[in-house]
Amino acid sequence: MIEVEHLSKTFGKAQAVDDISFSVVRGEILGFLGPNGAGKTTTMRMLTGYLPATNGTAKVAGYDVFEQSMEVRKRIGYMPESPPLYPEMSVHTYLEFVGRIKGLTSSELSNRVKESMQLVNIADKRDELIKRLSRGYKQRVGLAQAIVHNPDVVILDEPTVGLDPKQIIEVRKLIKGLAGGHTIVLSTHILPEVSMTCDRVVILNKGRIAAIDTPENLTLQLEGGERVRVEIKGEAAAVRSALEKVEGVHRIDIRPLESSERLVVNIESTTGRDLRSQIAACLVHSGFELYELQAVSLSLEEIFLQLTTEEQPERREPVAAGV
Amino acid sequence: MRGLLAIYRREMGGYFVSPIAYVVVGIFLLLAGYFFYNILSILVERSFMAQMQAQRFGQPPEMDVPSMVFRNFFGIVSTIILFLIPMLTMSLYAEERKRGTLELLMTSPITELQIVMGKFLAALCLFVVMLLPTLGYHILMGLYSEPAPPWRVMCSGYLGVFLLGAALISLGSFISSLTESQIIAAVMTFALFLLLWVLDAGVRGATTASGEVLQYLSILRHFDDFAQGVIDTSSLVFYVSLSGLGIFLTLRTLDAMRWRTA
């Protein structure tokens with residue numbers, strides 16, 4: 001549905017998006033994840049045809065976003081970071097207006113408006129002026145606006161930003177509900193959001209793709225084998241030297257456990273090896289009292305930090321692009 | 001076309017749900033009515049005096065009151081709209097930019113020309129709505145005028161006001177497209193109008209090339225012909241091309257926003 005090849009965008013000297021390629025299949029939810037200034041908004045704006053790319057191509061439903069912009073715009077629903085609302089309009093006149101400029105005919109219009117209002121649960125606010133709505137409702141009107149013309153692709157820039165936890169859950173549910181019929185691209189800097197809503201994640205950092213995979217695979221892939229957490233009683237230095245003898249141990253982190261004599265040891269092993277039994281054997285043989293041993297999987301949060309803070313071979317000066 | 005109509009309708013709706021249309025139209029009608037009354041009463045008084053003098057000294061009275069009313073009235077109206085049109089155009093793009101709704105318009109399947117023309121026509125339409133009630137003044141005067149007033153002069157006067165308004169609106173919307181602040185847009189527009197108004201102040205009657213250029217560019221100079229019942233092609237071309245220039249520049253600004261490098 002969406003094919004992006006070697007897309008780049010430069011603002012003056014700043015490289016906002018640097019040679020990214022990915023594709024999205026029909027019905028999929030793709031999440032852009034990255035710190036502020038990673039190039040999420042710029043990428044989305046290029047997909048919508050709002051910003052022309054400096055290099056590379058992007059195609060939506062087979063149409064080039066730049067060459068055949070009108071065809072693409074008909075098939076895209078877009079919600080920028082702050083929903084583009086006219087405060088003095090009522091919800092349904094606003095949605096009718098958006099429907100009209102998106103090219104709906106008068107006969108389709110009232111049905112589509114009704115349907116989109118129902119989808120985001122704002123049918124009861126139909127005649128309310130937008131300026132009187134709460135933040136969460138405004139966000140929903142923004143969502144309704146993006147789907148009013150029943151587009152193939154829905155692009156949502158930070159759809160849950162500024163909402164309270166309850167509203168966030170509701171909006172996520174809404175997005176989940178939209179999938180299937182629509183292809184969805186959303187961006188966020190909140191990690192749990194992608195693992196909860198997205199089928200696939202693109203981690204962007206400084207305009208480049210740091211990783212692209214399903215949330216589960218990313219977790220697996222970056223786990224780098226296992227991480228083992230051990231609770232033990234003994235001398236820190238002795239524990240360390242004992243553990244260092246175990247083959248495959250990559251990193252050892254020892255901290256005293258609060259309000260007891262025990263130690264908490266975090267052991268990371270190199271790729272794809274389960275060292276739990278070796279570690280247990282080694283510790284017991286060395287005469288330490290072993291209280292607990294468990295395998296820990298890295299959370300997406302840790303992967304994210306690992307990916308985005310990792311030292312990368314810098315090709316260009318770091319950029320702080322406007323998002 | 002549908003897109004243009006949608007933009008036009010939203011813009012018209014916007015004018016009438018906010019107080020701006022009522023305030024601008026209200027102020028305009030108040031001022032126009034006040035000046036019309038004054039012009040008329042002064043001229044009527046003067047024509048009585050002239051008549052009395054004519055009786056005393058035996059000269060025939062020569063005063064075409066309705067024509068003079070038209071001329072003065074349109075002169076005043078053209079000045080009033082220099083002050084009011086910035087208020088009609090200030091929000092056209094500045095507000096959309098501030099709210100981020102311009103991004104919605106520019107990612108919708110409508111062309112920039114449709115956006116610009118929809119907005120231009122909406123402002124022009126409100127301007128016509130604002131002018132229409134003043135027709136009543138002239139009709140009222142016509143009822144008591146003997147012989148009938150020269151309606152052709154009135155028509156050319158209104159044509160002049162319409163063309164002048166269109167030119168001012170297109171320039172005003174261009175300035176609105178440059179900024180996110182309505183206030184800045186209004187002030188800049190007003191400054192531009194004043195400049196165009198007084199452009200020929202220093203060179204009036206001058207015959208040098210630069211003097212003639214400045215006189216030609218002065219926005220109200222072309223208006224005098226219309227107010228006197230003369231439709232001069234060069235004035236017509238002047239206003240129409242000024243409108244075209246404003247629309248063209250607005251289009252360029254919208255386009256440039258996509259290509260901006262910051």
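Every value quoted in this text rests on a predicted model; they were computed, and no experiment measured them.

1. Comments concerning the overall build of chain B
A tally of helices and strands in chain B yields 11 helices and zero strands. Along chain B, helices (α) and strands (β) appear in the sequence α-α-α-α-α-α-α-α-α-α-α when read from the amino end. Dimensions of chain B, computed from C-alpha atoms along their principal axes, come out at roughly 75 × 45 × 30 Å. In chain B, which comprises 262 residues, the share counted as buried stands at 48%. Here the contacts in chain B between residues at least 6 apart in sequence split such that 76% fall between residues at least 24 apart. Counting every atom, chain B has about 12,600 Å² of accessible surface; 69% of that belongs to carbon and sulfur. Treating the 16 positive side-chain charges of chain B as one cloud and the 16 negative ones as another, the clouds have centres 7 Å apart.

2. As for the overall build of chain A
A count of helical and extended segments in chain A gives 11 helices and 14 strands. The burial tally for chain A puts 51% of its 323 residues in the buried class. Residue pairs in contact within chain A that sit at least 24 positions apart in sequence constitute 69% of those at least 6 positions apart. If you sum the accessible surface of chain A, you get close to 14,500 Å²; carbon and sulfur atoms cover 47% of it.

3. Considering the sheet that holds strand β8 (residues 183-188) of chain A
Paired through their backbone hydrogen bonds, the strands of a sheet run either parallel or antiparallel. Residues and elements named next belong to chain A. Strand order in this open sheet of six strands is β6-β7-β8-β3-β9-β10, and the pairing throughout is mixed. Two strands lie at the open edges of the sheet, namely β6 (76-79) and β10 (208-213), each paired on one side alone. Averaged over all neighbouring strand pairs, the angle between strand axes comes to 15°, with direction disregarded. Pairing of strand β3 (residues 29-33) with strand β9 (residues 200-205), which is carried by four bridges, proceeds in the parallel orientation. When the sheet's bridge partners are listed, L30 is paired in β9 with R200. Those strands touched by helix α1 (residues 40-48) are β3, β6, β7 (153-157), β8 and β9, and its axis lies near 150° from that of β7.

4. Some points on the packing of helix α5 (residues 135-147) of chain A against helix α6 (residues 165-178) of chain A
Residues and elements named next belong to chain A. Direction vectors running N to C along α5 and α6 enclose 10°, while the axes themselves pass 10 Å from each other. Compared by their axis directions, α5 and α6 come out roughly parallel. Read as a crossing pair, α5 and α6 show a hand that is right-handed. Here α5 contributes G136, R140, L143 and I147 to the contact with α6, which in turn contributes Q167, E170, V171, L174 and L178. Classifying every residue of the contact of α5 with α6 gives five nonpolar, two polar and two charged.

5. Digging into the pairing of β8 of chain A
All names here are of chain A. Burial analysis of β8 places six of its six residues in the buried class, the great majority of the element. Taking every second residue as pointing to the same face, both faces of β8 are buried, with T183, V185 and S187 on one and I184, L186 and T188 on the other. Taken together, the five bridges between β3 and β8 define a ladder with parallel strand orientation. Paired with G31 across the strands is L186, a residue of β8. As paired elements, β7 and β8 share five bridges and run parallel to each other. Directly across from L156, in β8, lies its bridge partner L186.

6. Remarks on the nonpolar core
Y94 of chain A together with I81 of chain B are the most contacted members of the largest nonpolar core, which has 140 residues in total. Once you skip the residues sitting within four places of it in the chain, I81 of chain B turns out to touch F28, P86, F127, M130, V161, L164, G165 and L168 of chain B. Judged by nonpolar contacts, the second largest core, of 17 residues, contains A242, L243, L275 and L283 of chain A.

7. Here we look at the interface of chain A and chain B
Taken residue by residue, the interface counts 32 residues in chain A and 27 residues in chain B. Carbon and sulfur atoms make up 60% of the area that chain A and chain B hide from each other, which totals about 2,700 Å². When the area that chain A buries against chain B is broken down by residue, the three leading residues are Y50, Y86 and I101 of chain A, summing to 26%. As a salt-bridge pair, R45 of chain A and E103 of chain B come within 2.9 Å of each other at their nearest N and O atoms.

8. Some thoughts on the sheet that holds strand β4 (residues 55-60) of chain A
Residue and element names in this part refer to chain A. The four strands lie next to each other as β2-β1-β4-β5, forming an open sheet whose pairing is antiparallel. At either margin of the open sheet sits one strand with a lone partner, and together these are β2 (14-24) and β5 (63-64). Sheet topology places β4 next to β5; two bridges connect them, and they run antiparallel. The residue of β5 that forms the bridge with V60 is Y63. Along the sheet, α1 contacts β1 (2-11), β2 and β4; its crossing angle with β1, the most-contacted strand, is approximately 120°.

9. Structural notes on the packing of aromatic side chains
This model, assessed by the stated rule, comprises 15 aromatic pairs over all chains. For the pair F36 of chain B and F73 of chain B, a centre-to-centre distance of 5.5 Å together with 90° between the ring planes defines the contact as edge-to-face. Of this pair, F36 of chain B sits in helix α2 (residues 19-57) while F73 of chain B sits in helix α3 (residues 65-89), and the two are 37 residues apart along the sequence. For the residue pair F36 of chain B and F73 of chain B, the accessibility class agrees, reading buried in each case. Taking the centre distance of 5.6 Å and the plane angle of 65° together, the rings of F73 of chain B and F74 of chain B count as edge-to-face. Each member of the pair, F73 of chain B together with F74 of chain B, is buried. Here the aromatic residues F36, F70, F73, F74, Y137 and Y158 of chain B are joined through ring pairs into a cluster of three or more. Positioned over the ring face of Y137 of chain A is K125 of chain A, at 4.8 Å from the centre of the ring. The ring of F97 of chain A carries R10 of chain B above its face, with NZ or CZ at 5.9 Å from the centroid.

What counts and what doesn't
- Residues numbered from 1 in each chain as written.
- Chains lettered and ligands numbered in written order.
- Predicted model: local features only at pLDDT ≥ 70, side-chain atom pairs only at ≥ 80, totals over all residues.
- Heavy atoms only, no water.
- Helix = DSSP H or I, 4+ residues; strand = E, 2+ residues; numbered from the N terminus.
- Buried < 20%, exposed > 50% of the residue type's maximum accessible area, 1.4 Å probe, protein only.
- Contact = heavy atoms within 4.5 Å.
- Areas by Shrake-Rupley, 256 points an atom, 1.4 Å probe, with all protein chains shown as cover.
- Lys, Arg positive; Asp, Glu negative; His and termini not counted.
- Charge placed at Lys NZ, Arg CZ, Asp CG, Glu CD.
- Pairing = 2+ DSSP bridges.
- Axes fitted to C-alpha atoms, helices over the stretch in contact; angles between N-to-C directions.
- Parallel < 35°, antiparallel > 145°, perpendicular 65-115°, else oblique.
- Left-handed = near helix turned anticlockwise from the far one by under 90°.
- Nonpolar A, V, L, I, M, F, W, Y, C, P; charged D, E, K, R; others polar.
- Core = buried A, V, L, I, M, F, W, Y, C linked by side-chain atoms within 4.5 Å.
- Buried area = accessible area lost by both parts, 1.4 Å probe.
- Salt bridge = Lys/Arg side-chain N within 4 Å of Asp/Glu carboxyl O.
- Phe/Tyr/Trp six-rings, centres within 6.5 Å; stacked < 30°, edge-to-face > 60°.
- Lys NZ or Arg CZ within 6 Å of the ring centre and 35° of its normal.

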